[in-house]
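# Structural overview
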Amino acid sequence: MNRISRWKIITVFLICVLGGLFAAPNLISRDQAAKLPHWLSNSRMNLGLDLQGGLHLLLEVNLQAVMNERMENLVQSARETLRKERIGYTRLGVAGQNTPTPSVGFQLTNPADAAKARQALRDAEPGLNVDTTSSGLVTMRYDEATLRDRRNQIVSQSIEIIRRRVDEFGTNEPYIQQQGENRIQVQVPGAGDPERIKSVLGQTARLSFRMVDTSISAQEAQATGRLPPGTEILPSVDQIAGRATQYLVQRRTLVGGDNLVDAQPAFQNGEAVVNFRFDTAGARRFADATKQNVGKPFAIVLDDKVISAPVIREPILGGSGVISGSFTTESARDLALLLRAGALPAPLTILEERTVGPDLGADSIQDGKVACIVGYMLIFVLMIARYQMFGVIANVALFMNLIFTIAFMSLLGATLTLPGIAGMVLGLAMAVDANVLIYERMREETKLGRSPLPAADFALNRAYITILDSNMTTLVAAFFLYILGSGPVRGFAVTLGIGILTTVFTAFTLTRLIVAMWVRWWRPKVVPI
């Protein structure tokens, strides 16, 4: 206690200065913070949905739609495999559609081909169970492990695509997390246009380039009810605006949107368009397709709607092109955003929606500030009234504890919420508690007749055991709150945990250093407590 090394004083002083520097950007506007050095301007806490307003969505991933599509693809795969192996069949189709366990079945023309068909289908599609009967009836369904892995993959991909789309809006710290088996919670703080965000998040955005079948018109095919094999009738996006344009489009995709590497909005001949660019494999397939179909129309299809169906005038060899249509500037920008972020593997349904206005968030921030200031002032007055000069030391440590908490949260890029403010206030209360333990122990040692130096030294050493024990148990509780909790509970756990760590630092170093310097420089005869 009597000897204080110079390096320790300098180290604690530098830590306090750095804490103030990293906490300072939170006290000024973002425009003012942008003028600071880069390493300092990024040191800001992000405000949560309840403080700055924004959009809260609970989305459900339509896994059944993906399963139905998977079964249709299995039908096509089985048809190609059986034709390749020259195996005769009839009545190939999906059974139990829109059920948790759909299957694909068909009847063999020759039941003796059962073993050959079973082996060929298993080799063509991993994870497939193929059952046959003596009469030649074949049933195919995926095993449970394959279905479970596929569901998990779909939800994980959906979360990643949603994150990319939200990031394109430039929002700070969106909260995106899986809930249950097929639900996703999305919180976008500071969302300026909630309706646009909902529109963008709700689109599957599956882009494909397909050939238009010109052997018969869509109207004639619809009238007769007989479509050419491998085709389907798709509406134009203009149909929504009152036009009844329809196209007879081949199901086979020439190039898919997963081969896109970039998409940007632009203007061409005074109209809003979207420029796109393929990767190497996509550029090669697109070039081959346009070479083989010069003079024929091809459809640009987005989510089963035809955006446009231009005629291929000449081969497109550069791997890039233009999507034109009845776009506004905003719709072209949104389409480019969707294509860059990628297509959702499954449709999403909005189950819950809440919009928090910025006025409510501003009121919450103001109430939080008032609560912190009033609480701090009450503590300030009470500590000085009870412990005189040591109360001043406790208030200095308390103030630095608050600075360190804000600095830590800024460095971590943490999001401050209303529960987070509650955790911060609780951390300040525990910091006061640590000082009270030290000073009460010092008071007891003084009553026992110890002189100021031994009393301060003994009180600091003995009180630290209690301080460390109480704070570590609370830190363990905060850790499990963070691991097992979600959303607001995590925000509370983060600020509480950071407050505990800063409390231990200020109690073990800052308070001890100030008291030691006081004892060394003033050489008091009695402890003023």
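Look a little higher up for the structure.
Small disclaimer: the values here were computed from a predicted structure and weren't measured.

## A word on the side chain of Asp334
For Asp334, the position within the fold is in helix α11 (residues 329–341). Here Asp334 is in contact with Arg196 and Val200, once residues within four sequence places are set aside.

## Concerning the packing of helix α5 (residues 63–84) against helix α6 (residues 114–124)
Between α5 and α6, the least distance of the axes is 10 Å, while the angle of their chain directions is 130°. Taken together, the axes of α5 and α6 lie oblique to each other. The hand of the α5/α6 crossing is right-handed. Judged by residue contacts, Ala78, Thr81 and Leu82 of α5 engage Ala117, Ala120, Leu121 and Ala124 from α6.

## Things to note about the sheet that holds strand β2 (residues 54–61)
The strand order across the open sheet built from four strands is β7-β8-β2-β18, with neighbouring strands paired in antiparallel fashion. Edge positions in the open sheet fall to β7 (175–179) and β18 (348–356), since each of these has one partner strand only. Sheet twist, expressed as the average angle between the axes of neighbouring strands with direction ignored, equals 15°. Sheet analysis places β2 next to strand β8 (residues 183–189), joined by seven bridges and oriented antiparallel. Bridging across to β8, Leu58 finds its partner in Gln185.

## What about empty space enclosed by the protein?
In total, this model carries three cavities of 30 Å³ or more according to the counting rule given. Of the volumes computed, that of the largest cavity is approximately 40 Å³. Every residue along the wall of the largest cavity is listed here: Met67, Arg70, Tyr142, Thr146, Leu147 and Arg150. Elements supplying a minimum of two residues to the lining of the largest cavity: α5 and α7 (144–168). Per element, the largest residue contribution to the lining of the largest cavity is three residues, and it comes from α7. Classifying every residue of the lining of the largest cavity by side-chain character gives three nonpolar, one polar and two charged.

## A word on the side chain of Glu445
Here Glu445 lies in helix α13 (residues 418–447). Non-local contacts of Glu445, meaning those with residues more than four positions away in its chain, are made with Arg450, Ala455 and Phe458.

## Quick notes on the layout of surface pockets
There is about 1600 Å³ of room inside the largest pocket. At the level of elements, α5, α7, β9 (207–211), β12 (255–256) and α11 are the ones that each hand at least two residues to the lining of the largest pocket. Looking at the lining of the largest pocket, its residues break down into 16 nonpolar, ten polar and 16 charged. In this structure, the second largest pocket spans a volume of roughly 910 Å³. In this structure, the second largest pocket is lined by 29 residues; those nearest its centre are Asn26, Leu27, Met45, Lys369 and Ile406. At the level of elements, α1 (6–23), β1 (46–47), α4 (49–52), α12 (358–412) and α13 are the ones that each hand at least two residues to the lining of the second largest pocket. The element best represented in the lining of the second largest pocket is α12, accounting for eleven residues. Of the residues contributing to the lining of the second largest pocket, the split by class is 20 nonpolar, six polar and three charged.

What counts as what
- Throughout, a residue's number is its position along its own chain's written sequence, starting from 1.
- With the structure being a predicted model, the display of local features is reserved for residues of pLDDT at least 70 and the display and counting of side-chain atom pairs for 80 or more, all residues being used for whole-chain, interface and lining totals.
- Excluding hydrogens and water, the side-chain values take into account all heavy atoms of the structure.
- Going along the chain from the N terminus, every DSSP run of H or I of four or more residues is numbered as a helix, and every run of E of two or more is numbered as a strand.
- The contact criterion used throughout is that any non-hydrogen atoms of two residues lie within 4.5 Å.
- Helix axes are fitted only over the stretch in contact, all axes being lines through C-alpha atoms; the angle between N-to-C directions runs from 0 to 180 degrees.
- Any angle that falls under 35 degrees is termed roughly parallel, while one over 145 is termed roughly antiparallel, one within 65 to 115 roughly perpendicular, and all others oblique.
- A clockwise turn of the near helix away from the far one marks a right-handed crossing, whereas an anticlockwise turn of less than a right angle marks a left-handed crossing.
- A pair of strands is treated as paired once DSSP finds two or more bridges between them.
- The distinction between a cavity and a pocket rests on a 1 Å grid over the protein atoms alone: a 1.4 Å probe fits inside a cavity but cannot get out, while a pocket stays open yet meets protein on both sides within 12 Å along at least five of seven lines, and a residue with an atom within 4 Å of a point counts as lining.
- Grid points are joined across faces, edges and corners, and a volume is the space filled by probe spheres set on the points.
- When residues are grouped by polarity, Ala, Val, Leu, Ile, Met, Phe, Trp, Tyr, Cys and Pro land in nonpolar, Asp, Glu, Lys and Arg in charged, and all others, Gly among them, in polar.

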